[in-house]
Structure formats: structure tokens, C-alpha cells
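# A look at the structure
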Amino acid sequence: MDRLRMSEAMSRRGFLGAAAALPFVGALPAAADQGGSASSVPGLIVRQKSPDNLEGAFPSLDGTITPTERFFVRSHFAVPQLDARTWRLRVEGAVKQPLELSLDDLEKLAAKTLPATLECAGNGRVFLTPRPSGLLWELGAVGSAEWTGLPLASVLDKAGVADGAVEVVLEGADVGTVADPASPGPIHYARSLPLEKARKPEVLLATQMNGKPLTPAHGYPVRAVVPGWYGMASVKWLMRLLVVDKPFQGFYQTLDYSVWKRENGLPVLVPLTEMEVKSQVARPSLGEVVPAGKPYRVFGAAWSGESEVTKVEVSTDGGKSWSEATLLGKSIPFTWRLWEHSWKVPEKGGAYTVMARATDRSGRVQPMQRDSDRRTYMISHVLPIEVEVR
Ligand SMILES: Nc1nc2c(c(=O)[nH]1)N[C@H]1C(S)=C(S)[C@@H](COP(=O)(O)O)O[C@H]1N2
Ligand SMILES: [Mo]
């Protein structure tokens, strides 16, 4: 962001007062223009109306678990109105015994509860230049909830996966037509998982979020939760599990939610899977005025797909020098870790850039530069949080 837009952002921010949780509101009109008034859903920022796409206010991060009312919503089509009494999950394709399960049938299988972070693969898209098409999320298309449900593996076992099967397609009850790129008529939202991931004990068919039945927006009555993977894998409003013997080539698998991978020198599109290592600064927020000459608690969260965050470093000088932040609490599998760092804010006022950079147990470090092979997804490079010290 250039200086002019920055100062515009800051003065508008002051003017907006209570809307200050919307850090970019003045600087990035395209994001604000995407629909709706930002105040129509308390606790969430409206990025799009009908279908509702709502962003959490990342600067108000205050604990490991994101309350459901503040958890982002990413839906491609209108929320399907499903009646739990008549709802059925069909399990078919390459299985020994096709099944049709009611909610009661599912609830008879042993459930478990686990926390997991879901990040939309487009989270942070507003930081990309040139500004891409698609929902212009800031930092709030990510959240962590406690999910209750039965392992997908127990349903697959009940049906008996046939030899030679490789994936299971998870199909949602939501349906619509996509204009760009044009879909082949109306389609359901659907994504596949390799059986290897589908059988992992953490992959759930969830009926509850944060101890309550799923809300309609988050997938009532049953959704998948695929910990460690980008949000697109956690299919909401499940209606069918289709076991297949070759990789699924659906719309949201190949056109959407895919990135370029170099294979033998040739770029090929591959479906998105595991989340990258990433940290985000919650406070200060973009454009925040930080008091000069006093200590300031820089605070945020860091996560890493199927691995574990081992280090977060913070820079307050635009990446010239780094100091290690303190990781708070304890490490929980598949769940972000909060961190803090005490910044001795200089006496000298002016523009400062705060950054955070995470490292995980497998040795992955957040890159400083954006990789354009990732199209408009997997925005995990170090993001600059520009603030004013005054
Ligand atoms: N059926 C269905 N499942 C879906 C989607 C959808 O549009 N339809 N969106 C996916 C995407 S892209 C994300 S990031 C997550 C978001 O889950 P949430 O809305 O509960 O936050 O749901 C995923 N599951
Ligand atoms: Mo997403």
C-alpha cells in the first residue's frame, strides 16, 4: 500500500470509530464494495451477500477457540434447508455394501471431539497484487473450533471399501451454476479426499461445532472436518460419499481450488490439500495507531497443516531484524497456536511495518515472497502489517 492510501486508511479508520475492526475499509474499496453493509451481521464482516460470505474480525482474536458467531462463513451457493428427520447420507460407488444412513444411525457410531483450525485457501487474498478476482478476504477467513462427530473412517469401514478404490468424493446438498469459469449447468459443491487422508482418525463427519449442533451456515446437519487441510476439503451439508477408483476431476477439484505444480518441467494443476505454515498478526491491526515510546504487546496466531509450529519470529522494521516471539499455551494438533511479543516501540513516530514468520517441525518456514504458481490460493508468505507510531 502506498503512503497516500495508508494515510487515507488511517484517517477514515479514526472517523469510523466502532467499525475500526475493519482494518482495510478505507484503503481497499473493492473489498468493501463486494456487497452488503458491514454492520448487518454482528461480529462478522460481510464480503458477499447471497450467498453469504462472512469474514471474522482477526484483530479481535482473544483465545484459541473462535466463537461460532465470529467464525467465518465461506459458501459457494445458498444454504440448503435440510430437515434432520428426513436427511440421509448415501454411501456408494466402490463399496461392498452401499448404505443410506440417518442422523440417528450416524449418532450410534462412536463420536469424538477435537479442536481444529480451518483456513480458507483464499484467506489474505486482498494482499495480492495485482488485486485478483474472487472474494477479497483480509486476515479473517480462518478460525478454530471444537468439532464433534464420528470418524469418516468408521462409515467407510461400515460400507467396506472395494479393492482398487483410491478416493472418496464428499458431496454437499448445496447446488448452483457458476458463471466464471462456466460450470456445466447446475452443480453440487463436491471435493474428494484420497482414502489415505480420509481414513485418518482426525477426519470427522461432524454434527457439532463448539458443543452445539452445527448452524445452517456451517453445514447443518452434518459436515466433514478435515483437520490440517485448507477449508475447501471440509464439505458442508453432506449428502453423499462416493468411493471412486480414479482421482475425481470435479469443478472444485480441478478448476477451483487447484494450484500449479512443476512436474518434469511442466506446470500441471493439482488440487489443494494441506495448509501451509503461516502466522498472522492480530494486533496491531492494519493502520492501527501505536503509541510511541511504550511497550506494545504484538499478538497473533500461527498454524501449520499437519505439522506443528515450533517458532514464530516478529519483525517491527519491515523484515530487517527479527526476534523470537513467545508461543502461548501448549501445542494442540491441527490447531493454531497463539503467540505474543513485547515490542519496545520507538520514540520516533512514523510508518512501521510489523511482520510475523512461523517455522514448523518439518522445517518449513514462511516465505517472504509470493509464489505466483499458487494462483489466488495458499497466501502464506509473510504479510506486512503497516501501522503508524505516534
Ligand atoms: N457444501 C459446501 N461445503 C463447503 C463449501 C461450500 O461452498 N459448500 N465451502 C468450502 C470452503 S471453500 C471453506 S473455506 C469451508 C468454510 O467453512 P465454514 O463456512 O464453516 O467456515 O467450507 C467448505 N465446505
Ligand atoms: Mo475456502
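As a reminder, the structure under discussion sits directly above these lines.
The rules behind the values
- Residues numbered from 1 in each chain as written.
- Chains lettered and ligands numbered in written order.
- Predicted model: local features only at pLDDT ≥ 70, side-chain atom pairs only at ≥ 80, totals over all residues.
- Heavy atoms only, no water.
- Helix = DSSP H or I, 4+ residues; strand = E, 2+ residues; numbered from the N terminus.
- Buried < 20%, exposed > 50% of the residue type's maximum accessible area, 1.4 Å probe, protein only.
- Contact = heavy atoms within 4.5 Å.
- Areas by Shrake-Rupley, 256 points an atom, 1.4 Å probe, with all protein chains shown as cover.
- Salt bridge = Lys/Arg side-chain N within 4 Å of Asp/Glu carboxyl O.
- Pairing = 2+ DSSP bridges.
- Near = heavy atom within 4 Å.
- Polar contact = N/O pair within 3.5 Å; in protein donor to acceptor, adjacent residues only side chain to side chain.
- Nonpolar A, V, L, I, M, F, W, Y, C, P; charged D, E, K, R; others polar.
- Phe/Tyr/Trp six-rings, centres within 6.5 Å; stacked < 30°, edge-to-face > 60°.
- Lys NZ or Arg CZ within 6 Å of the ring centre and 35° of its normal.

The next subject is the overall build of the chain. When you go through the chain residue by residue, the secondary structure sums to six helices and 23 strands. Taken across its 390 residues, the chain has 54% of its residues classed as buried. Sequence separation of at least 24 residues holds for 70% of the intrachain contacts in the chain that already meet a minimum separation of 6. Within the structure as shown, the chain displays about 16,700 Å² of accessible surface, and the carbon and sulfur contribution to it stands at 54%.

The residue after Tyr220, namely Pro221, is reached through a cis peptide bond having omega 5°. Among the structural elements, Pro221 can be located in the loop between strand E10 (212–213) and strand E11 (223–225). Geometrically, the link from Arg283 to Pro284 is a cis peptide bond, its omega value of 5° lying close to zero. With respect to the secondary-structure elements, Pro284 resides in the loop between strand E15 (277–283) and strand E16 (289–290). At Asn210, a position not held by glycine, the phi torsion is positive, near 50°.

What follows deals with the pattern of salt bridges. Here the structure, examined in full by the defined rule, presents 23 salt bridges. The closest approach of N and O atoms between Arg240 and Glu171, which form a salt bridge, is 2.7 Å. Of this pair, Arg240 sits in strand E12 (residues 238–244) while Glu171 sits in strand E7 (residues 167–176), placing them 69 residues apart in sequence. Each member of the pair, Arg240 as well as Glu171, is classed as buried. Here Arg357 ties to Glu313 by a salt bridge, and the two come within 3.1 Å at their closest N and O atoms. You can see Arg357 sitting in strand E22 (residues 350–360) and its partner Glu313 sitting in strand E18 (residues 309–315), a full 44 residues away along the chain. On the accessibility criterion, Arg357 (17% relative accessible area) is buried. Residue classification places Glu313 among the buried residues on the basis of a relative accessible area of 14%.

This paragraph deals with the pairing of E15. By the criterion of burial, E15 is predominantly enclosed, with six of the seven residues buried. For E15 and strand E17 (residues 295–304), the ladder comprises six bridges, and the chain directions are antiparallel. Paired with Val277 across the strands is Ser304, a residue of E17.

Taken together, four strands build an open sheet; the order of strands is E15-E17-E21-E20 and the sheet is antiparallel. Edge positions in the open sheet fall to E15 and strand E20 (326–327), since each of these has one partner strand only.

Near ligand 1, the surroundings consist of 19 residues, among which Phe72, Asp174, His218, Arg223 and Lys236 are the closest. A distance of 2.8 Å is found between an oxygen atom of ligand 1 and a side-chain nitrogen or oxygen belonging to His76. A distance of 2.6 Å separates an oxygen atom of ligand 1 from a polar side-chain atom of Lys236. Protein chains bury 100% of the 530 Å² of accessible surface belonging to ligand 1 in isolation. Grouping the constituent residues of the shell around ligand 1 by class yields nine nonpolar, six polar and four charged.

Tracing the chain through its elements places Arg191 in strand E8 (residues 187–194). From its side chain, Arg191 meets the backbone oxygen of Tyr257 in a polar contact 3.3 Å long. A distance of 2.7 Å separates a polar side-chain atom of Arg191 from the backbone oxygen of Leu272.

Our focus in this paragraph is the pairing of strand E2 (residues 53–56). Burial of E2 is two-sided: the residues Asn53 and Glu55 facing one way and the residues Leu54 and Gly56 facing the other way are all buried. With four bridges connecting them, strand E1 (residues 44–48) and E2 associate as antiparallel partners. The partner of Gln48 across the bridge, within E2, is Asn53. The turn linking E1 back onto E2 is made up of four residues, and Ser50 within it adopts a positive phi angle of 45°.

Strand-to-strand pairing in sheets goes through backbone hydrogen bonds, with the strands running parallel or antiparallel. Spatially, five strands are ordered E16-E23-E22-E18-E19 in an open sheet, and the strand pairing comes out mixed. Two strands in the sheet have a free side with no partner beyond their single neighbour: E16 and strand E19 (323–324).

To continue, consider the environment of Val243. Relative to the helices and strands, Val243 is located in strand E12. Counting along the chain gives 51 residues from Val243 to Ser192, while the straight-line C-alpha distance between them is 9.1 Å. For Val243, the residues in contact, after removing those within four places along its chain, are Glu92, Gly93, Ala94, Val95, Leu156, Val161, Ala165, Glu167 and Val168.

Turning our attention to the packing of aromatic side chains. Evaluated as defined, the whole model comprises 12 aromatic pairs. Arranged with centres 4.6 Å apart and planes meeting at 40°, the rings of Tyr189 and Tyr252 form a pair that is tilted. One end of the pair, Tyr189, is in strand E8; the other, Tyr252, is in helix H6 (residues 251–254), and 63 residues separate them in sequence. This pair shows no difference in class: Tyr189 is buried, exactly as Tyr252 is. Measuring from ring centre to ring centre gives 5.8 Å for Trp303 and Trp336, while their planes differ by 50°; the resulting arrangement is tilted. Here Trp303, found in strand E17, pairs with Trp336, found in the loop between E20 and strand E21 (337–344); they are 33 residues apart in sequence, far enough to count as distant. A network of ring pairs unites the aromatic residues Phe77, Tyr189, Phe251, Tyr252, Tyr257 and Tyr377 as a single cluster. Note that Arg297 overlies the ring of Phe299, its terminal NZ or CZ placed 4.3 Å from the centroid.

Such coordinate-based values are descriptive only and should not be taken to indicate function.
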